[in-house]
Amino acid sequence: NLFFQGCDGSILLSHVGSERTSKASKTLRGFEVVDDIKKEVEKKCPKTVSCADILTAASRDATVIQGGPYWSIPYGRKDGKVSIDKEAESVPTAHENVTSLIEFYQSKGLNALDLVALSGAHTIGRTSCETIQHRLYDYEGTGKPDSLLDERYANYLTRKCRWGSDYVELEGMSPGKFNNQYYKNLQKKMGLLRTDQMLYADSRTSPFVNAMAYAPDSVFHNQFAASMTKFGNILDPEVQEGGEVRADCGYVNSYDY
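Residues numbered from 1 in each chain as written. Predicted model: local features only at pLDDT ≥ 70, side-chain atom pairs only at ≥ 80, totals over all residues. Heavy atoms only, no water.

Going by the annotation in an unreviewed UniProt entry, the name recorded for the protein chain is peroxidase, with Linum tenue given as the source organism. The UniProt entry for the protein chain carries this comment under Sequence similarities (unreviewed entry): "Belongs to the peroxidase family. Ascorbate peroxidase subfamily." What the UniProt record of the protein chain gives under Function (unreviewed entry) is the line "Removal of H(2)O(2), oxidation of toxic reductants, biosynthesis and degradation of lignin, suberization, auxin catabolism, response to environmental stresses such as wounding, pathogen attack and oxidative stress. These functions might be dependent on each isozyme/isoform in each plant tissue." (UniProt positions renumbered as here; feature names shortened; annotations may be inferred.)

1. Some thoughts on the side chain of Ser119
With respect to the secondary-structure elements, Ser119 resides in helix α6 (residues 112-119). Among the residues examined, Ser119 registers a relative accessible area of 10% and is labelled buried. Beyond its immediate stretch of four places on either side in the chain, Ser119 contacts Tyr182, Asp196 and Leu199. (Helix = DSSP H or I, 4+ residues; strand = E, 2+ residues; numbered from the N terminus. Buried < 20%, exposed > 50% of the residue type's maximum accessible area, 1.4 Å probe, protein only. Contact = heavy atoms within 4.5 Å.)

2. Thoughts on the pattern of salt bridges
Tallied over the entire structure, the rule returns eight salt bridges. Taking the shortest distance from any N to any O, the salt bridge between Lys38 and Glu42 comes out at 2.8 Å. Taken together, the residues span about one helical turn, with Lys38 and Glu42 both in helix α2 (residues 31-44) at a distance of four residues. Of the two residues, Lys38 and Glu42, both sit in the buried class. Here the residues in one salt-bridge network are Arg135, Asp146 and Arg194, joined through shared partners. (Salt bridge = Lys/Arg side-chain N within 4 Å of Asp/Glu carboxyl O.)

3. Comments concerning the packing of aromatic side chains
When we look at a pair of aromatic rings, we describe it by the centre distance and by the angle of the planes. Inspection of every chain in the model, using the stated rule, returns seven aromatic pairs. When the centroid spacing of 5.9 Å and the interplanar angle of 75° are considered together, the rings of Trp71 and Phe224 count as edge-to-face. In this pair, Trp71 sits in the loop between α3 (51-65) and α4 (85-89) while Phe224 sits in helix α11 (residues 217-232), placing the two residues 153 residues apart along the sequence. In this structure Phe224 comes out as buried when scored by relative accessible area, which is 3%. Ring geometry for Tyr153 against Tyr156: centres 6.3 Å apart, planes inclined by 10°, an arrangement best described as stacked. Taken together, the residues span about one helical turn, with Tyr153 and Tyr156 both in helix α7 (residues 151-160) at a distance of three residues. The cationic tip of Arg126 hangs over the ring face of Tyr167; the distance from NZ or CZ to the ring centre is 3.9 Å. (Phe/Tyr/Trp six-rings, centres within 6.5 Å; stacked < 30°, edge-to-face > 60°. Lys NZ or Arg CZ within 6 Å of the ring centre and 35° of its normal.)

4. Section: the nonpolar core
In this structure, Leu118, Tyr183 and Phe224 are the most contacted members of the largest nonpolar core, which totals 29 residues. Contributions of two or more residues to this core are made by α5 (98-106), α6, α8 (181-187), α9 (194-201), α10 (206-214) and α11. Listed in part, the 13 residues of the second largest apolar core include Tyr153, Leu157, Cys161 and Leu170. (Core = buried A, V, L, I, M, F, W, Y, C linked by side-chain atoms within 4.5 Å.)

5. Observations concerning the UniProt feature "binding site: Ca(2+) 2" (unreviewed entry) in the protein chain
This chain's UniProt record puts "binding site: Ca(2+) 2" (unreviewed entry) on Thr123. When you line up the elements, Thr123 lands in the loop between α6 and β1 (126-128). Leaving out residues up to four positions away in the same chain, Thr123 has contacts with Glu171, Ser174, Gly176, Lys177, Phe178, Asn179 and Tyr182.

6. Some thoughts on the state of the cysteines
A full pass over the atoms with the stated rule returns two disulfides. With its sulfur 2.1 Å from that of its partner, Cys51 forms a disulfide with Cys249. Measuring handedness by torsion sign, the sulfur bridge of Cys51 and Cys249 sits at about -95° and is left-handed. Taken as a pair, Cys51 in helix α3 and Cys249 in the segment after α12 (237-242) lie far apart in primary sequence, 198 residues in all. We note that Cys51, like Cys249, is buried. Each disulfide pairs two cysteine sulfurs, and for Cys129 the partner residue is Cys161, the sulfurs being separated by 2.1 Å. Torsion about the S-S bond of the Cys129 and Cys161 cystine: about -65°, corresponding to left-handed handedness. Here Cys129 is found in the loop between β1 and α7, whereas its partner Cys161 is found in the loop between α7 and β2 (167-169), with 32 residues between them in sequence. (Disulfide = S-S within 2.5 Å.)

Shown next as structure tokens:
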């Protein structure tokens, strides 16, 4: 998990009790893509390029393909040998308040602007309906949907998410496009996750939301790239010193590697 042990590729490890098997990771996809990239890289540069570096570069390139920004990546990360499901469960979910999010980000050297910019990644992707169903019916015992949710949008989500196992786009107006529509949605009370919508409701983060919404996409792109650079450089010195370059991204190396 990047937030706890740094960018060490631990999410890729596939064993009982790993981050990859946690409930928080169940919507993650694309592991086979990283495996394919690793196989090709090993043919050219065996035992040289870590899975952590591959994952970081693949995340950047996937953003670019979706119309997002490019940013430079410093390489040389080592792959960690530890992956614990409970650590994945400890990252921010959709239930924190803004104070908790800001404090969590600050503990990793990131600020409120980084929080708002990185949350903009929700301009693409999807989540399970189970994540947002609590907002649609009897929110905190009110007998009504969450008051921070637009009524028409709530009606749409109620129809869309009859089953918790179904999926819904994180940003439904222009899914698949890496643009600033996410922030415009927050201004209309159409943030899918409550943690997203609260960024617009809180005075510490709402100015950044407004700035991203009113400015051209390029402003969001530039800030996202800058924040992702900081994010990708979160490294745990102990993990890096004791890390390795995995031969297979799903498994730690055998002793004779």
